[in-house]
Structures are given as structure tokens and as C-alpha cells.
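Chain and residue survey
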Amino acid sequence: MTLPKGYKPSGQTGSGNSGSSGSSGSSSGASRDEIERMIGRRVENMKGIIVLGFILCWVATAGGVYVGVTVYPWAYPLPSGIYALSVLTVIEILGMIWMLKIVGEKPVRM
């Protein structure tokens, strides 16, 4: 795994591998905890913010449809607004389900 410039994990003391012929896969020597600390929060812990984002996205969509139907009824009649809201709701739900599916996957252990 490539680490940012200047980041030295605690387990690494030398200058690295002098040759690549004896390498066993991971040349950095960084543990998972160190990499997680370096990167930040894991996506497995972000289900709440994904659901909150979906709710805020849906409220914004419903608000936009409401403004379109009430302020510009000649250009955005009620049946068209209801149809747009239902289609956009389905798209947003599919996006949220896809994100939650990705978040719920088990991490690959090497």
C-alpha cells in the first residue's frame, strides 16, 4: 500500500526494501490500525450520515417540487410535480440502497 509522503509507521525503522526480489506483498509494514488512523473514519461507521443525507436530499427535492407547483403552476402543473417527485424519490432510494450495500460489505483481509 502506498502511504503519503513523510508518513512513517511505528513498525518501520529502515529505509525500506533494497531489492524487490524477496518482497512478500506488503512493503510498507503498516498495520491496519495505523492506516485507519491515517485515513480517518471507516465507511462502515457512516450509515447514519448516509441516511441523513438521503433525508435532506428528499426534503430538498420535495421543496423544489412544491415551489415549482405553487409558484409556477402554468409551467409545472400538479400531476407533473407528483410524477417528478415519485421518479426522483425512486432514484434517491436506489442510490441510498446502493450506498448502504457498499458500506455493509465485509472488508477484504489480506
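First, a word on scope: everything that follows refers to the structure included in this document. Because the structure is predicted, anything quoted here is derived from the model rather than measured.

1. Remarks on the overall build of the protein
Scanning the protein from terminus to terminus reveals 3 helices and 0 strands. The order of α-helices and β-strands along the protein, N terminus first, is α-α-α. Scored against the burial criterion, the 110 residues of the protein give a buried share of 16%. Put simply, of all contacts in the protein between residues at least 6 apart along the chain, 65% involve residues at least 24 apart. When the accessible surface of the protein is split by element, carbon and sulfur atoms take 66% of a total near 8,600 Å².

2. What about the side chain of Thr 61?
With respect to the helices and strands, the residue Thr 61 is situated in helix H2 (residues 47-71). The contact partners of Thr 61, leaving out residues within four places of it in the chain, are Leu 85, Leu 88 and Glu 92.

3. Focus on the pattern of salt bridges
Enumeration over the complete set of coordinates arrives at 1 salt bridge. Of the charged contacts in the structure, one is a salt bridge between Lys 101 and Glu 105, with a shortest N-O distance of 3.6 Å. For Glu 105, a relative accessible area of 41% gives the class partly exposed.

4. Let's talk about the packing of aromatic side chains
Per the counting criterion, the structure on display carries 1 aromatic pair. Centre to centre, the rings of Tyr 72 and Trp 74 are 5.7 Å apart; their planes meet at 85°, and the pair counts as edge-to-face.

5. Quick notes on the packing of H2 against helix H3 (residues 78-104)
Between H2 and H3, the least distance of the axes is 10 Å, while the angle of their chain directions is 170°. With respect to their mutual orientation, H2 and H3 come out roughly antiparallel. From H2, Lys 47, Ile 50, Val 51, Phe 54, Cys 57, Trp 58, Thr 61, Ala 62, Val 65 and Val 69 reach across to H3, where they touch Leu 78, Gly 81, Leu 85, Leu 88, Thr 89, Glu 92, Ile 93, Met 96, Met 99, Leu 100 and Val 103. Split into classes, the residues belonging to the contact of H2 with H3 amount to 16 nonpolar, 3 polar and 2 charged.

6. Here's the deal with H3
Between its first and last C-alpha, H3 extends 38 Å over 27 residues, near the 39 Å set by a 1.5 Å rise per residue. Looking at H3, one finds that the buried residues are Gly 81, Ala 84, Thr 89, Glu 92, Met 96 and Val 103. Tucked inside the fold, the buried residues of H3 contact H2.

7. A few points about the environment of Asn 45
Take Asn 45: it is sitting in the loop between helix H1 (32-39) and H2. Asn 45 gets classed as partly exposed once you look at its relative accessible area, which sits at 46%. Sequence separation of Asn 45 and Val 103 is 58 residues, and the distance between their C-alpha atoms is 8.2 Å.

The rules we used
- Residues numbered from 1 in each chain as written.
- Predicted model: local features only at pLDDT ≥ 70, side-chain atom pairs only at ≥ 80, totals over all residues.
- Heavy atoms only, no water.
- Helix = DSSP H or I, 4+ residues; strand = E, 2+ residues; numbered from the N terminus.
- Buried < 20%, exposed > 50% of the residue type's maximum accessible area, 1.4 Å probe, protein only.
- Contact = heavy atoms within 4.5 Å.
- Areas by Shrake-Rupley, 256 points an atom, 1.4 Å probe, with all protein chains shown as cover.
- Salt bridge = Lys/Arg side-chain N within 4 Å of Asp/Glu carboxyl O.
- Phe/Tyr/Trp six-rings, centres within 6.5 Å; stacked < 30°, edge-to-face > 60°.
- Axes fitted to C-alpha atoms, helices over the stretch in contact; angles between N-to-C directions.
- Parallel < 35°, antiparallel > 145°, perpendicular 65-115°, else oblique.
- Nonpolar A, V, L, I, M, F, W, Y, C, P; charged D, E, K, R; others polar.
- Expected span 1.5 Å × (residues − 1).

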